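Report on the structure
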Amino acid sequence: MAATRSKTRNLEQELQLAQLERQQLESKQLRQALNDNGKSKPLHTVLGQFVPLITALVAVAGFLWGVYQYQVQQNKSLEAQKLQSKQELKTAERDFMKPWLDNQREIYLQALTAAATVANSDNPDEVARATEEFWVLYHGKMILFETGDVEKAMIAFGGCIKNACDRAKLDAQLHQLASAMASSMSATAKMTYDEYSAQQVKYLSEASGGQ
């Protein structure tokens, strides 16, 4: 019986000691916490608190950069498509104008050859045939193809024929006609059909000059 009471007292003492140690540890932790509140925290601890925020900002920045890059690429693709469409349209217009330019060159050459014969041949029969051909072209095919400067040069040469200009005057008018035709063909080669049509002479009334 005495042994039992002694064992009980020992347990109570050990329990009291354990509670005392716990109270001392809690007191020590409380004092440490109070001391920490009055002190600056280490830099790595402060930075660690911002890690989640920094991570979120980096993620947002990466997303926005991706959106920007996508928009830039889309704009480049759109511009490239527009440029390609313009080039394809220009190519199609040039292909459309090629037969017209070939015909213009042929008719110009016929009219220039006739004018050259009129201005330089010593054969009356050749001059007569060339004069007739010049007027046929003047009142016919040339109307479809001549531009303003060529029309003026044709009128000037036709006026010289009517007024029986000398060879020197006819030859001077011939060279002006050739220059006008060359410039006209060069310009036509760079035009769309609408641009070419705008340059053509519009015969709304009876043309001045002629046979």
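The structure presented is a predicted model; accordingly, all values stated were derived computationally and were not measured.

1. Quick word on the state of the cysteines
The full count for this structure, using the stated rule, is one disulfide. Note that Cys160 is cross-linked by a disulfide to Cys165, the S-S spacing being 2.3 Å. Classification of the bridge connecting Cys160 and Cys165 rests on its S-S torsion, roughly -105 degrees, and on that basis the disulfide is left-handed.

2. Structural notes on the packing of helix α5 (residues 148-162) against helix α6 (residues 167-188)
The N-to-C vectors of α5 and α6 enclose an angle of 165 degrees; their axes lie 8 Å apart at closest approach. With respect to their mutual orientation, α5 and α6 come out roughly antiparallel. Note that α5 runs across α6; the crossing there is left-handed. Residue-level contacts link Asp149, Val150, Ala153, Met154, Ala156, Phe157, Cys160 and Ile161 of α5 to Lys169, Leu170, Gln173, Leu174, Gln176, Leu177, Ala180, Met181 and Ser184 of α6.

3. Considerations on the packing of aromatic side chains
With the rule as written, the count across this model stands at six aromatic pairs. With a centroid separation of 6.1 Å and 35 degrees between ring planes, the pair formed by Phe134 and Tyr138 is classed as tilted. Here Tyr138 and Phe134 lie together in helix α3 (residues 124-139), a separation of four residues that amounts to about one turn. A relative accessible area of 9% means that Tyr138 is categorised as buried. These aromatic residues form a ring-pair network of at least three members: Phe134, Trp135, Tyr138 and Phe157.

4. Some thoughts on α6
The end-to-end C-alpha separation of α6 is 31 Å, in line with the 32 Å expected for 22 residues at 1.5 Å each. Of the residues making up α6, those classed as buried are Leu170, Gln173, Leu174, Leu177, Ala180, Met181, Ser184 and Thr188. Viewed along the axis of α6, the buried residues span an arc of 130 degrees, placing them on a single side of the element.

5. Points about the nonpolar core
Among the nonpolar cores identified, the biggest contains 28 residues, and Phe134, Met142, Val150, Met154, Phe157 and Met181 are the most heavily contacted of them. Going through the elements one at a time, α2 (43-120), α3, α4 (141-145), α5 and α6 are the ones with two or more residues in this core. Filtering out sequence-adjacent residues up to four positions away, Phe134 remains in contact with Ala111, Ala114, Ala115, Met154, Phe157, Gly158 and Ile161.

6. Here's the deal with α5
Over its 15 residues, α5 runs 21 Å from end to end, which matches the ideal 21 Å to within 8%, given 1.5 Å per residue. Positive backbone phi, at 55 degrees, marks Ala164, one or two positions downstream of α5.

7. What about the side chain of Gln104?
Relative to the elements of secondary structure, Gln104 occurs in helix α2. With sequence-adjacent residues up to four places away left out, Gln104 is seen in contact with Phe145, Ser184, Met185, Thr188 and Tyr196.

8. Quick notes on the packing of α3 against α5
Where α3 contacts α5, the two axes come as close as 11 Å, and the packing angle between them is 145 degrees. The chirality of how α3 crosses α5 is left-handed. In this structure, α3 uses Thr131, Phe134, Trp135 and Tyr138 to contact α5, whose residues at the interface are Met154, Ile155, Phe157, Gly158, Ile161 and Lys162.

9. Section: a nonpolar patch on the surface
Among the surface-exposed residues, Val60, Phe63, Leu64 and Val67 lie close enough to one another that they form a single nonpolar patch of about 380 Å² accessible area. Turning to its location among the elements, Val60 is positioned in helix α2.

10. With respect to the pattern of salt bridges
All told, the structure shown has three salt bridges when counted by the stated rule. One salt bridge in this structure joins Arg105 and Asp102, with 3.1 Å as the shortest N-O distance. One end of the pair, Arg105, and the other, Asp102, are both in helix α2, three residues apart, so they sit about a helical turn from each other. Assessed through its relative accessible area of 40%, Arg105 is described here as partly exposed. Salt-bridge contacts for Asp122 lead to Arg167; the nearest nitrogen and oxygen are separated by 2.5 Å. Separated by 45 residues along the polypeptide, Asp122 in the loop between α2 and α3 and Arg167 in helix α6 bring together distant segments of the chain. By relative accessible area, Arg167 is classed as partly exposed at 41%. Several salt bridges share partner residues, and in doing so they unite Lys98, Asp102 and Arg105 into one network.

Reading the values: the criteria
- Residues numbered from 1 in each chain as written.
- Predicted model: local features only at pLDDT ≥ 70, side-chain atom pairs only at ≥ 80, totals over all residues.
- Heavy atoms only, no water.
- Disulfide = S-S within 2.5 Å.
- Axes fitted to C-alpha atoms, helices over the stretch in contact; angles between N-to-C directions.
- Helix = DSSP H or I, 4+ residues; strand = E, 2+ residues; numbered from the N terminus.
- Parallel < 35°, antiparallel > 145°, perpendicular 65-115°, else oblique.
- Left-handed = near helix turned anticlockwise from the far one by under 90°.
- Contact = heavy atoms within 4.5 Å.
- Phe/Tyr/Trp six-rings, centres within 6.5 Å; stacked < 30°, edge-to-face > 60°.
- Buried < 20%, exposed > 50% of the residue type's maximum accessible area, 1.4 Å probe, protein only.
- Expected span 1.5 Å × (residues − 1).
- Arc of directions from axis to C-beta.
- Core = buried A, V, L, I, M, F, W, Y, C linked by side-chain atoms within 4.5 Å.
- Patch = residues over 30% accessible without salt bridge, like charges linked within 9 Å, V, L, I, M, F, W, Y side chains within 5 Å.
- Areas by Shrake-Rupley, 256 points an atom, 1.4 Å probe, with all protein chains shown as cover.
- Salt bridge = Lys/Arg side-chain N within 4 Å of Asp/Glu carboxyl O.

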